[in-house]
Amino acid sequence: MRIAGLFLFCTMVAVSACQSQVEDKIVLINVEDYDKIKISKLISSINMLNPKVISLDIALPEYTGDLSDKMLYQALLNTKKLILPSEISSEGLDYHGNEVISVYLTFALEFFVPRAKTGFVSVKVDKGQTQIPRQFIVWQKGSYSEDIYNHFSVVTAMAFDSLKASKFIRTHERMVDINYKKGNRKFRVFSASEVLKGKLSVKDIKGKIIMMGFLGPGDQDKFSVAFNSSSNKTDIYGLEYLAIILAQVLENQ
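Scope of this entry: the structure provided in the associated data block. Nothing here was measured: the structure is a model prediction, and the numbers come from that model.

Observations concerning the pairing of strand 11 (residues 209–213)
Point 1. In terms of burial, strand 11 is largely enclosed, as five of its five residues are buried.
Point 2. Across the two faces of strand 11 the burial is the same, with Ile 209, Met 211 and Gly 213 and Ile 210 and Met 212 all buried.
Point 3. Two strands pair when backbone bridges link them, and strand 1 (residues 26–30) and strand 11 are joined in this way by five bridges, in the parallel orientation. By the bridge assignment for strand 11, Leu 28 is matched with Met 211.

Structure follows, in structure tokens:
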């Protein structure tokens, strides 16, 4: 009994350690009151520290070809593995009663450099509102084609570890419960000013997944979510939501 109990304890410790290691590989960068020039400088600074993947939860739908656009394009072009966001919206039913799905890019098409990949960050529901649910959609099939669109966090996981991401897709249904770990998931977070002032080291970034998006100050892209079955809710930012799903995919939970 003691041996069995010790084995169970060690297994639980190993699983916990594995989960913390996964979360340690995900770094969040707060872009704050971003503009294209600041974003390009952030990406360039991070690229110098050799991340494995950069994923951007940012909407930049306009491209005019000015200096800021060219700077951002060059920074994106220099990123080895880049994930950009899209959104999926239900347009209702067609005359056959089938749901019509539309995919919208949240970046201007001109910013989609050759190595970039895209995944949907959210699903729009009634009246254009975005909700953070208890489940997330792993993949979505196109309305009139065999095209498969994957969730942003799944695409990010695929760029980081294709074997783990593929196994998650293969062993899970299309809809998966989100493991918020009762709000106990922890990710390292850096501000834009910390990045631009050179306060990050290679150790902070090298070989890791860098997720960039808005983390305050303010309520932009902030949502309420229940971490457990109770009615108590906690506010989290959309970028945190995407990081939680990413960690879950890499843990294959």
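Notes on the environment of Asn 30
Point 1. With respect to the element layout, Asn 30 can be found in strand 1.
Point 2. For Asn 30, a relative accessible area of 9% puts it in the buried group.
Point 3. With 185 residues separating them in the primary sequence, Asn 30 and Leu 215 have C-alpha atoms 5.2 Å apart.
Point 4. Residue contacts for Asn 30: discarding those within four places in its chain leaves Phe 190, Ser 191, Ala 192, Gly 213, Phe 214, Leu 215 and Gly 216.
Point 5. Polar contacts involving the side chain of Asn 30 include one to the main-chain carbonyl oxygen of Gly 216, which spans 2.9 Å.

Describing the side chain of Ser 40
Point 1. Here Ser 40 lies in helix 2 (residues 36–47).
Point 2. With relative accessibility at 2%, the residue Ser 40 sits in the buried group.
Point 3. Ser 40 has contacts with Met 71, Leu 72 and Ala 75, leaving out every residue within four places of it along the chain.

Observations concerning the packing of aromatic side chains
Point 1. Per the counting criterion, the structure on display carries four aromatic pairs.
Point 2. Here the aromatic rings of Tyr 63 and Phe 111 are separated by 5.1 Å at their centres, their planes lie at 75°, and the arrangement is edge-to-face. With Tyr 63 in the loop between strand 2 (53–56) and helix 3 (67–77) and Phe 111 in the loop between strand 4 (99–105) and strand 5 (117–124), this pair connects stretches of sequence that are 48 residues apart.
Point 3. Taking the centre distance of 5.8 Å and the plane angle of 80° together, the rings of Phe 214 and Tyr 237 count as edge-to-face. Separated by 23 residues along the polypeptide, Phe 214 in the loop between strand 11 and strand 12 (222–225) and Tyr 237 in strand 13 (residues 234–237) bring together distant segments of the chain. For the residue pair Phe 214 and Tyr 237, the accessibility class agrees, reading buried in each case.
Point 4. Cluster of aromatic residues (ring-pair linked, three or more members): Tyr 63, Phe 107 and Phe 111.

Examining the environment of Pro 114
Point 1. Within the secondary structure, Pro 114 is located in the loop between strand 4 and strand 5.
Point 2. For the pair formed by Pro 114 and Leu 82, sequence separation is 32 residues and the distance between their alpha carbons is 9.7 Å.
Point 3. Beyond its immediate sequence surroundings of up to four residues, Pro 114 is in contact with Tyr 73 and Leu 77.

Rules and cut-offs
- All residue numbers here refer to positions counted from 1 along the written sequence of the relevant chain.
- Where local features are concerned, this predicted model is filtered to residues with pLDDT of at least 70; where side-chain atom pairs are given and counted, the filter is 80 or more; whole-chain, interface and lining totals use all residues.
- Calculation of side-chain values draws on the structure's entire complement of heavy atoms; hydrogens and water are dropped beforehand.
- Each residue is placed in one exposure class: buried if its accessible area under a 1.4 Å probe, protein chains only, is under 20% of its type's maximum, exposed if it is over 50%, and partly exposed if it falls in between.
- For helices the rule is a DSSP run of H or I covering at least 4 residues; for strands it is a run of E covering at least 2, with both sets numbered from the N terminus onward.
- Each pair of strands is called paired provided DSSP finds at least two bridges between the two strands.
- Contacts are assigned to residue pairs that have any heavy atoms within 4.5 Å of one another.
- We define a polar contact as two N or O atoms separated by no more than 3.5 Å, with the added condition that, inside protein, one atom must be a possible hydrogen donor and the other a possible acceptor, whereas residues neighbouring each other in sequence contribute only through side-chain atom pairs.
- Stacked, tilted and edge-to-face pairs are distinguished by plane angle, under 30 degrees for stacked and over 60 for edge-to-face with tilted covering the rest, among Phe, Tyr and Trp rings (Trp via its six-membered ring) whose centres lie within 6.5 Å.

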